[in-house]
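So the chains spell out like this:
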Amino acid sequence: MALGDVAPFHRFARLYDLGMYRADAETLQVGLDRAEGTVETVLDVGGGTGRASRALSGPRTVVVDAARGMLGEARGHGLETVQGDAATLPVCDGSADAVVIVDALHHMADVEGVVTAAYRALRPGGVLVVREFDPTTLRGRGLVLGERIVGFDSQFYAPEDLRERLADAGFDATIPDRGFGYTVAGVTER
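Basis of the calculations
Residues numbered from 1 in each chain as written. Predicted model: local features only at pLDDT ≥ 70, side-chain atom pairs only at ≥ 80, totals over all residues. Heavy atoms only, no water. Phe/Tyr/Trp six-rings, centres within 6.5 Å; stacked < 30°, edge-to-face > 60°. Helix = DSSP H or I, 4+ residues; strand = E, 2+ residues; numbered from the N terminus. Buried < 20%, exposed > 50% of the residue type's maximum accessible area, 1.4 Å probe, protein only. Pairing = 2+ DSSP bridges. Right-handed = clockwise from strand over helix to strand, strands pointing away. Axes fitted to C-alpha atoms, helices over the stretch in contact; angles between N-to-C directions. Lys, Arg positive; Asp, Glu negative; His and termini not counted. Salt bridge = Lys/Arg side-chain N within 4 Å of Asp/Glu carboxyl O. Contact = heavy atoms within 4.5 Å.

Taken as a whole and assessed by the stated rule, the structure comprises two aromatic pairs. Look at Y119 and F171: their rings are 4.9 Å apart centre to centre, the planes differ by 80 degrees, and that puts the pair in the edge-to-face class. Taken as a pair, Y119 in helix α6 (residues 111–121) and F171 in the loop between α8 (159–168) and β6 (172–177) lie far apart in primary sequence, 52 residues in all. Judged by relative accessible area, Y119 falls into the partly exposed class, the value being 25%. On the basis of relative accessibility, which here comes to 4%, the residue F171 falls in the buried class.

Here's what the structure looks like:
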């Protein structure tokens, strides 16, 4: 099981929210609106302290993360949590209307497995929403360098490359938001 950059997130979980910005509900909603049906259950995969879950109002959210420390912080915010690897998602097939991965995919060692697991976890017409950083932008190149300097084994994808990965996994994938921070949204077949 290749879990990527889990250990540092477990160790620094109590300080994580101090250095991170809040997830943007409007940006996430643009992706969630692509779902073919009502979004009632969201898996916040690689969700850490639950920044994305806390930004969303309405649907039931479950934070899924491999780092126990991060999940402890999420529970401290009153969120439901499940410890597990994003590439195997310890949830039932077709159990979610949406999967969100916010600022985390680049830390996951098995991106193909993560995308495949998300597809399996989604109901027909469900949506995978991925917020990431574009390594082709000036700020993105700086982020890539910074993460390497601190010892992360991050793998960043340009928006079109990530869209293609979702499409290859069977998603109807689009890029509804571009820039240093961008969104790729993929819908499963009905």
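One non-glycine residue with positive phi stands out, namely L89, at about 30 degrees. If you trace the backbone, L89 turns up in the loop between β3 (80–83) and β4 (96–102). The class of L89 is buried, set by a relative accessible area of 2%.

Pairing of strand β2 (residues 60–65) with β3, which is carried by four bridges, proceeds in the parallel orientation. Considered in β3, the bridge of V63 is made with T81. What joins β2 to β3 is helix α5 (residues 68–76), and the crossover it makes is right-handed.

Turning our eyes to something else, we now look at the sheet that holds strand β7 (residues 181–187). Sheet architecture is open: seven strands sit in the order β3-β2-β1-β4-β5-β7-β6, paired in mixed fashion. Looking along the sheet, the strands with just one partner apiece sit at the ends: β3 and β6. Adjacent strand axes in the sheet meet at a mean angle of 20 degrees, parallel and antiparallel pairs treated alike. Here β6 pairs with β7 via four bridges, running antiparallel. Of the residues in β7, the one forming a bridge with D172 is V187.

Turning to its location among the elements, D134 is positioned in the loop between β5 (122–133) and α7 (138–149). R178 provides the closest opposite charge to the buried, salt-bridge-free D134, at an N-O distance of 6.3 Å. Every residue in contact with D134, bar those within four places of it in the chain, is listed here: G140, A158, P159, G179, F180 and Y182.

Another aspect to go through is the pattern of salt bridges. Within the structure shown, the criterion is met by seven salt bridges. Between R120 and D93 there is a salt bridge, with the nearest N and O atoms lying 2.8 Å from each other. On the criterion of sequence distance, the pair formed by R120 in helix α6 and D93 in the loop between β3 and β4 is long-range, its members being 27 residues apart. The exposure class of R120 is partly exposed, given its relative accessible area of 27%. Residue classification places D93 among the exposed residues on the basis of a relative accessible area of 58%. Here R123 and D97 are joined by a salt bridge, their closest N and O atoms 2.7 Å apart. Placement of R123 in strand β5 and of D97 in strand β4 is noted, with a sequence separation of 26 residues between them. Taking the relative accessible area as the measure of exposure, R123 reaches 31% and is therefore partly exposed.

Take it as geometry only, folks, not as evidence of what the structure does.
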